[in-house]
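Spelled out, the chains give:
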Amino acid sequence: MSDWYWFSENSQLMLSMGKEWQCTTAYGQKQIIDIPKSQLFSLCDTEYYLSFGNHLVASGARFSEAQLTHILINATAAIMFHKPVTPKSWFFDEIESFGSHNRLSRISNRFDSGIVLVLTDEQSLVTCMLISSKLQLNENKFLKQFELIKVAKNRLEPLMSEITSQLTA
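Residues numbered from 1 in each chain as written. Predicted model: local features only at pLDDT ≥ 70, side-chain atom pairs only at ≥ 80, totals over all residues. Heavy atoms only, no water.

Colleague: Looking at this structure, how should I read the layout of surface pockets?
Modeller: One water molecule sets the probe size; rolling that probe over the atoms shows where empty space is left. Put simply, the largest pocket is a space of about 410 Å³. Lining the largest pocket are 23 residues, with Q31, H82, L143, E147 and L148 sitting closest to its centre. Put simply, the parts of the chain that give the lining of the largest pocket at least two residues each are β3 (22-28), β9 (142-144) and β10 (148-152). Considering only residue class, the lining of the largest pocket consists of 11 nonpolar, 6 polar and 6 charged. Taken as a whole, the second largest pocket spans an internal volume of roughly 190 Å³. Around the second largest pocket, the lining is made up of 15 residues, and of these H82, K83, P84, T120 and T127 lie nearest the centre. Where the lining of the second largest pocket is concerned, the elements lending two or more residues are α2 (65-81), β6 (113-122) and β10. By residue class, the composition of the lining of the second largest pocket is 9 nonpolar, 3 polar and 3 charged. (1 Å grid on protein atoms, 1.4 Å probe; cavity = no way out; pocket = protein on both sides within 12 Å on 5 of 7 lines; lining within 4 Å. Points joined across faces, edges and corners; volume = space filled by probe spheres on them. Helix = DSSP H or I, 4+ residues; strand = E, 2+ residues; numbered from the N terminus. Nonpolar A, V, L, I, M, F, W, Y, C, P; charged D, E, K, R; others polar.)

Rendered as structure tokens:
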């Protein structure tokens, strides 16, 4: 990871992973606090990347190496660069037995349900990144894969290992 670095191209946050590969994140200039012209992938970035990776591998979810890498890059980019998001719990059903397991949870409403990765945990609220390809919030609104949403913890349905072993992104 010593030759990895963040940069922007066409107002989009990207990660160069050496000479042969670069990844475009889901985050553009509107979502990023300060989009870097060029910034090395730091020790802090590496810690988040590896921590999220350990959680996802421990969950038992089946991701290809490419899917896992894309999830981890976007999760790291979100933690390091994304603007704060406001709570939007009202879009989702309240869960009686709520929480997250290995940082993976399901959020549901009458329109749809999706799998999220918990990025930050703040007392009664969590900021999550959508791992599912999309999630319908209401008649007109959708979340796209890797978009962030902040919700109350009582909106998260924990995903246990028998469920996550069937999960693919």
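Colleague: Please explain the nonpolar core as it appears in this structure.
Modeller: Within soluble globular proteins, side chains that are nonpolar generally end up buried alongside one another. Counting residues in each nonpolar core, the largest one holds 32 residues, and the members touching the most others are L56, L117 and M129. Of all the elements, α2 adds the most residues to this core, at 8 residues. Excluding anything up to four places from it in sequence, M129 contacts Y27, I71, N74, A75, I115, V116, L117, L119, F146, E147 and L148. Core analysis: the next-biggest nonpolar cluster, separate from the first, contains 14 residues, I107, V118, V126 and L130 among them. (Core = buried A, V, L, I, M, F, W, Y, C linked by side-chain atoms within 4.5 Å. Buried < 20%, exposed > 50% of the residue type's maximum accessible area, 1.4 Å probe, protein only. Contact = heavy atoms within 4.5 Å.)

Colleague: Could you clarify how one ought to interpret the pairing of strand β2 (residues 12-17) in this entry?
Modeller: Side chains on a regular strand alternate between the two faces of the sheet. Of all 6 residues in β2, 5 are buried; the element is thus mostly enclosed. Note that strand β1 (residues 4-9) and β2 share 6 bridges and pair antiparallel. Considered in β2, the bridge of Y5 is made with S16. Relative to β3, β2 is paired through 4 bridges, and the arrangement is antiparallel. Across the sheet, the residue bridging to L15 is C23, located in β3. In this structure, the hairpin formed by β2 and β3 is closed by a connection of 4 residues, where G18 is found at a positive phi of approximately 95 degrees. (Pairing = 2+ DSSP bridges.)

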